[in-house]
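Breakdown of the fold
Here is what each chain is made of, one letter per residue.
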Amino acid sequence: GLIFIGLIITNLYTFKKTVELNEQLSRIYDLEAEIARLKIEHRNEIDRLNKEHQDELNRLTNNFTEKYEVVEKALNAFMYELDEFYVNKHILEKDYLEQKAKIAEIRKKLEENN
């Protein structure tokens, strides 16, 4: 009888430990699922931020390119007018050469910054 009661107690203890282990395994699986969900959520957030930054970078690049082209066209127009003034003798050669040098300097700075 005593051996039988000992076996029953051992089986009950083993059953209790098995149930506890199953609960712990269930928690581990739940945690793994939560970690996987959070990884996906964070990856989506990183992708969204990267897209926003890329869009902003593209916008800034387009704005800069547009402004650069406007300045370049203005310089070309000014150079054309300067050449016309010189050809038509409305300005002195000294002034003409000074203005051309200034334009060349501005172009050089633009190209360096571009």
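First, a word on what this report is: a plain description of the structure on this page. Each chain carries its own residue numbering, running from 1 in the written order of its sequence. The model is predicted, so local features are restricted to residues of pLDDT at least 70 and side-chain atom pairs to those at 80 or more, both for listing and for counting; the totals for chains, interfaces and linings are taken over all residues. Each side-chain value is derived from all of the structure's non-hydrogen atoms; neither hydrogens nor water enter the calculation.

Each pair of aromatic rings taken from Phe, Tyr and Trp, with Trp reduced to its six-membered ring, is defined by centres within 6.5 Å and is described as stacked if the planes are under 30 degrees apart, edge-to-face if over 60, and tilted in the remaining cases. Within this structure, the stated rule accounts for two aromatic pairs. Here, a charge over a ring is recorded when the distance from Lys NZ or Arg CZ to the ring centre is within 6 Å and its angle to the ring normal is within 35 degrees. Here the guanidinium or amino end of Lys89 rests over the ring plane of Tyr86, the centre of that ring lying 5.8 Å away.

If a residue is not glycine, its phi is most likely negative; likewise, a peptide bond is most likely trans. Phi is positive for Lys89, which is not a glycine, with a value near 65 degrees. Mapped onto the secondary structure, Lys89 falls in the loop between helix H1 (2-87) and helix H2 (93-113). We call a residue buried when its accessible area falls under 20% of the maximum for its residue type, exposed when it is over 50%, and partly exposed in between, using a 1.4 Å probe and counting protein chains only. Residue class for Lys89 comes out exposed when judged on its relative accessible area of 68%. Every helix listed is a DSSP run of H or I at least four residues long, and every strand listed is a run of E at least two residues long, numbered separately from the N terminus.

With that out of the way, let us pick up H1. Multiplying one less than the number of residues by 1.5 Å gives the expected span of a helix. End to end, H1 covers 125 Å across 86 residues, agreeing with the expected 128 Å (1.5 Å per residue, within 8%). All of the buried residues along H1 are Tyr68, Leu75, Met79 and Leu82. Considering only its buried residues, H1 is in contact with H2. Lys89, located one to two residues past H1, shows a positive phi value of around 65 degrees. Pairs of residues are marked as contacts when any of their non-hydrogen atoms sit within 4.5 Å.

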